[in-house]
Amino acid sequence: MKINLKPDHKYIEVAERIEKLIERRALKVGDKLLSVRSLSREQGISLSTSFQAYYHLESKGLIEARPQSGYYVKFSPRDTFEIPASSEPAEEALPVSVDEMISSVYNDLRSPKLLSFSLSAPDVSLLPSAKLNKSVLHSLRHSPDHCLSYEHVQGNELLRKQIAKLSFNWGGSLSEDDVVITAGCMEALSFFLKAITKPGDAVANESPTFYGIFRVMQSLGLKVVEVPTDLVTGVDINYLEQAIERFDIKACLFVCNFNNPIGSCVPDEKKKQLVDLLAKKEIPLIEDDIYGDLYFGKTRPRTCKTYDKKGLVLHCGSFSKSLAPGHRIGWTAPGRFKDTVIQLKRMHNVSTNTLAQVSIAHFLQNGRYDFHLRRLRKDLHTQCLRYFQAITEFFPKGIRITRPQGGFCFMD
Ligand SMILES: Cc1ncc(COP(=O)(O)O)c(C=O)c1O
C-alpha cells in the first residue's frame with residue numbers, strides 16, 4: 001500500500017532521494033551514509049529534518065543505525081530466502097569418520113578455478129598487519145632475551161593479563177592465573193578432550209559442527225552424539241537432556257556464539273539453562289568461543305563460562321579469526337581442570353611460541369585490539385550483507401539461508 005505523504009515534508013523529499021540512490025545501487029548494502037550533521041549541512045536542512053529522513057528510511061527497512069557508528073544501507077531482499085530446517089542427526093552415539101570429506105575439501109582449496117567457501121579465515125586485508133608488525137618489532141627489540149627463550153608453560157604473563165581483561169566484555173572476571181595459553185583453539189580443544197575423556201566415551205556436539213572438532217574426537221577414539229541445532233538459537237537443550245539419560249555422555253563440546261558452519265547463537269538465557277543442566281549432571285562443558293568477539297549487534301553475547309559456578313566449563317578462544325591465524329595463539333580458562341591442562345601442555349609442546357605471545361600482548365596492551373575489533377566487526381557485517389545480496393540475486397530460487405548475527409559462517 002502506498003501512503004501519500006504531503007510533498008511539503010522536506011524530510012520525505014530527502015529520504016526519497018536517498019532511497020533512489022539505494023534502488024539504483026549508487027549506495028550499496030553496507031555503505032555508510034552521511035552523518036546526521038553532514039546531511040544537515042550539505043542539504044541545508046535542520047538536524048531534526050535529517051534525523052526524520054533517516055528514521056523514515058529506517059522504518060522502511062532500507063537503512064539501519066549501528067551503535068556509535070552511524071547509519072548504513074541495510075540488506076532488504078525482495079525475495080527473502082527461508083531459513084533452512086534444523087538437521088536430523090542419527091539417534092545413536094557413532095564413531096567419527098570424516099577423513100575423506102576433509103581431504104577432498106583441502107585438495108580443492110588451492111584451485112584457482114574455485115572460490116573457496118569452505119575455510120573460515122579472515123582475509124589478510126581485514127587484518128591490522130602494519131600495527132601488528134610494529135608490535136613484533138617492538139617485542140624483538142625490547143625483550144631482554146630477544147624472545148628466544150621458552151615461555152612459561154602456562155603462557156606469557158602479560159598476555160594472560162590482557163586476556164583476563166577481555167573476559168570483562170563477556171561478563172567474566174578471570175584473572176591471569178585462570179588462563180592457560182595454547183597454540184590456537186585446536187590445541188585447546190584437544191587438551192580439553194584429553195583431560196576429561198577416554199577412548200570410547202560419548203561426547204555431545206552440535207549438528208552440524210566444525211569438522212576440526214570431529215577430527216580431534218576421531219583421533220582420540222571418541223563417539224559423537226549429535227544434538228539437533230536450531231539455526232537461530234543453537235543447540236536443542238530438551239533433546240540434550242534426554243540424550244544424557246540414553247548415552248552416558250561424558251562431555252559436551254559446543255560453539256555457542258556464531259558457530260561454524262551454521263552461524264547460530266545461543267541466547268544468553270539459554271546458555272544459563274545449558275550450564276545449569278550440565279552442572280546438575282556434573283558433565284563438563286567445553287565451550288569454543290572463537291567467534292564471540294565478532295558480533296554485529298550492539299553487545300557481545302555472553303559465554304557459558306559467565307554462568308559457571310562449579311568450574312565445569314572449559315572455555316577457549318583464539319586470535320585466529322580476529323587478528324592473526326598464522327601466529328597460532330589461543331587461550332583457555334579450564335576451570336577445575338586447569339592443572340591437568342597445564343600438564344598436557346608441558347607434555348605435548350613445552351610452551352607456546354614466545355615471540356607471537358609477547359607481540360600480541362603488546363598489541364593488546366596498547367588498546368589496538370579494541371580499535372581493530374570495532375572496525376573488523378563493521379567490515380564483516382558489511383561483507384555478510386553483500387553475500388546475502390549476491391546470493392539473493394544470483395542463486396537459484398528456493399534455496400534457504402541462515403542469518404548469522406556475527407562471525408564468518410552462514411549455511412545454505
Ligand atoms: C569453531 C572453530 N574452532 C576452532 C577453529 C580453529 O581455531 P585455531 O585456528 O585457533 O586453532 C576453527 C577454525 O575454523 C573453528 O571454526
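Residues numbered from 1 in each chain as written. Predicted model: local features only at pLDDT ≥ 70, side-chain atom pairs only at ≥ 80, totals over all residues. Heavy atoms only, no water.

### Overview of the packing of helix α7 (residues 184–196) against helix α8 (residues 211–219)
Moving on, step 1. In contact at an axis separation of 10 Å, α7 and α8 are set at 40° when each is read in the N-to-C sense. By the criterion of interaxial angle, the relationship of α7 to α8 is oblique. Where α7 crosses over α8, the handedness of that crossing is right-handed. The segment α7 lies against α8, with Met186, Leu189, Ser190 and Leu193 engaging Gly212, Ile213, Val216 and Met217.
Moving on, step 2. The residue makeup of the contact of α7 with α8, split by class, is 6 nonpolar, 2 polar and no charged. (Axes fitted to C-alpha atoms, helices over the stretch in contact; angles between N-to-C directions. Helix = DSSP H or I, 4+ residues; strand = E, 2+ residues; numbered from the N terminus. Parallel < 35°, antiparallel > 145°, perpendicular 65-115°, else oblique. Left-handed = near helix turned anticlockwise from the far one by under 90°. Contact = heavy atoms within 4.5 Å. Nonpolar A, V, L, I, M, F, W, Y, C, P; charged D, E, K, R; others polar.)

### Brief notes about the site of the ligand
Moving on, step 1. Taken together, the neighbourhood of the ligand is formed by 14 residues, with Asp288, Tyr291, Ser318, Ser320 and Lys321 sitting nearest.
Moving on, step 2. Contact distances for the ligand include 2.6 Å between an oxygen atom and a side-chain N or O atom of Tyr291.
Moving on, step 3. Arg328 has a polar side-chain atom sitting 2.8 Å from an oxygen atom of the ligand.
Moving on, step 4. Within the complex, the protein chains bury 93% of what would otherwise be the 400 Å² of accessible surface of the ligand. (Near = heavy atom within 4 Å. Polar contact = N/O pair within 3.5 Å; in protein donor to acceptor, adjacent residues only side chain to side chain. Areas by Shrake-Rupley, 256 points an atom, 1.4 Å probe, with all protein chains shown as cover.)

### Thoughts on the layout of surface pockets
Moving on, step 1. Space inside the second largest pocket adds up to approximately 550 Å³.
Moving on, step 2. Contributing to the lining of the second largest pocket are 18 residues, with Gln68, Tyr295, Lys298, Arg374 and Arg377 lying nearest its centre.
Moving on, step 3. Class assignment for the residues of the lining of the second largest pocket results in 4 nonpolar, 6 polar and 8 charged.
Moving on, step 4. Formed jointly, the lining of the second largest pocket draws a minimum of three residues from each of two domains, domain 1 (10–79) and domain 2 (99–107 + 123–365). (1 Å grid on protein atoms, 1.4 Å probe; cavity = no way out; pocket = protein on both sides within 12 Å on 5 of 7 lines; lining within 4 Å. Points joined across faces, edges and corners; volume = space filled by probe spheres on them. Domains from an automatic or database assignment.)

### Remarks on the nonpolar core
Moving on, step 1. In terms of nonpolar packing, the biggest core is built from 69 residues, with Leu159, Leu193, Ile286, Phe319, Leu323 and Tyr369 touching the most fellow members.
Moving on, step 2. Broken down by element, this core gets its largest block of residues, 8 residues, from helix α13 (residues 368–394).
Moving on, step 3. In this view, Leu323 contacts Leu127, Pro128, Leu132, Ile360, Phe363, Tyr369 and His372; residues no more than four positions away in its chain are not counted. (Core = buried A, V, L, I, M, F, W, Y, C linked by side-chain atoms within 4.5 Å. Buried < 20%, exposed > 50% of the residue type's maximum accessible area, 1.4 Å probe, protein only.)

### Considering the packing of aromatic side chains
Moving on, step 1. Under the counting rule described, the total for this entry stands at 8 aromatic pairs.
Moving on, step 2. In textbook terms, an aromatic cluster arises when at least three aromatic residues are bridged by ring pairs, as seen for Phe319, Trp331 and Tyr369.
Moving on, step 3. Here the basic side chain of Arg66 rests over the ring of Tyr72, its NZ or CZ set 3.9 Å away from the ring centre. (Phe/Tyr/Trp six-rings, centres within 6.5 Å; stacked < 30°, edge-to-face > 60°. Lys NZ or Arg CZ within 6 Å of the ring centre and 35° of its normal.)

### Re the domain arrangement of the chain
Moving on, step 1. Under the domain assignment used here, the chain contains domain 1 (10–79) and domain 2 (99–107 + 123–365).
Moving on, step 2. A separation of 39 Å is found between the C-alpha centroids of domain 1 and domain 2.

### Side note on the pattern of salt bridges
Moving on, step 1. A full pass over the atoms with the stated rule returns 18 salt bridges.
Moving on, step 2. Residues Lys281 and Glu245 are paired through a salt bridge, measuring 2.8 Å at the closest nitrogen-oxygen approach. Here Lys281, found in the loop between α10 (268–280) and β9 (285–288), pairs with Glu245, found in helix α9 (residues 237–247); they are 36 residues apart in sequence, far enough to count as distant.
Moving on, step 3. The exposure class of Glu245 is exposed, given its relative accessible area of 56%.
Moving on, step 4. Across the pair Lys305 and Asp308 runs a salt bridge whose closest N-O atoms are separated by 3.2 Å.
Moving on, step 5. Taking the relative accessible area as the measure of exposure, Lys305 reaches 12% and is therefore buried. (Salt bridge = Lys/Arg side-chain N within 4 Å of Asp/Glu carboxyl O.)

### Some points on the environment of Gly311
Moving on, step 1. Within the secondary structure, Gly311 is located in the loop between β9 and β10 (313–318).
Moving on, step 2. Given a relative accessible area of 16%, Gly311 falls into the buried group.
Moving on, step 3. Note: C-alpha distance between Gly311 and His142 (169 residues apart in sequence) is 37 Å.
Moving on, step 4. The contact partners of Gly311, leaving out residues within four places of it in the chain, are Pro334, Gly335, Arg336 and Phe337.

### A few points about the pairing of strand β8 (residues 249–254)
Looking down a regular strand, the side chains alternate between one sheet face and the other.
Moving on, step 1. The element β8 is largely enclosed, with a buried count of 5 among its 6 residues.
Moving on, step 2. As paired strands, strand β5 (residues 202–207) and β8 are joined by 4 bridges and run parallel to one another. Note on β8: the bridge partner recorded for Ala202 is Ile249.
Moving on, step 3. As paired elements, β8 and β9 share 3 bridges and run parallel to each other. Residue pairing for β9: Phe254 is matched across the bridge by Glu287.
Moving on, step 4. Regarding the hand of the β-α-β motif, the stretch spanning β8, α10 and β9 is right-handed. (Pairing = 2+ DSSP bridges. Right-handed = clockwise from strand over helix to strand, strands pointing away.)

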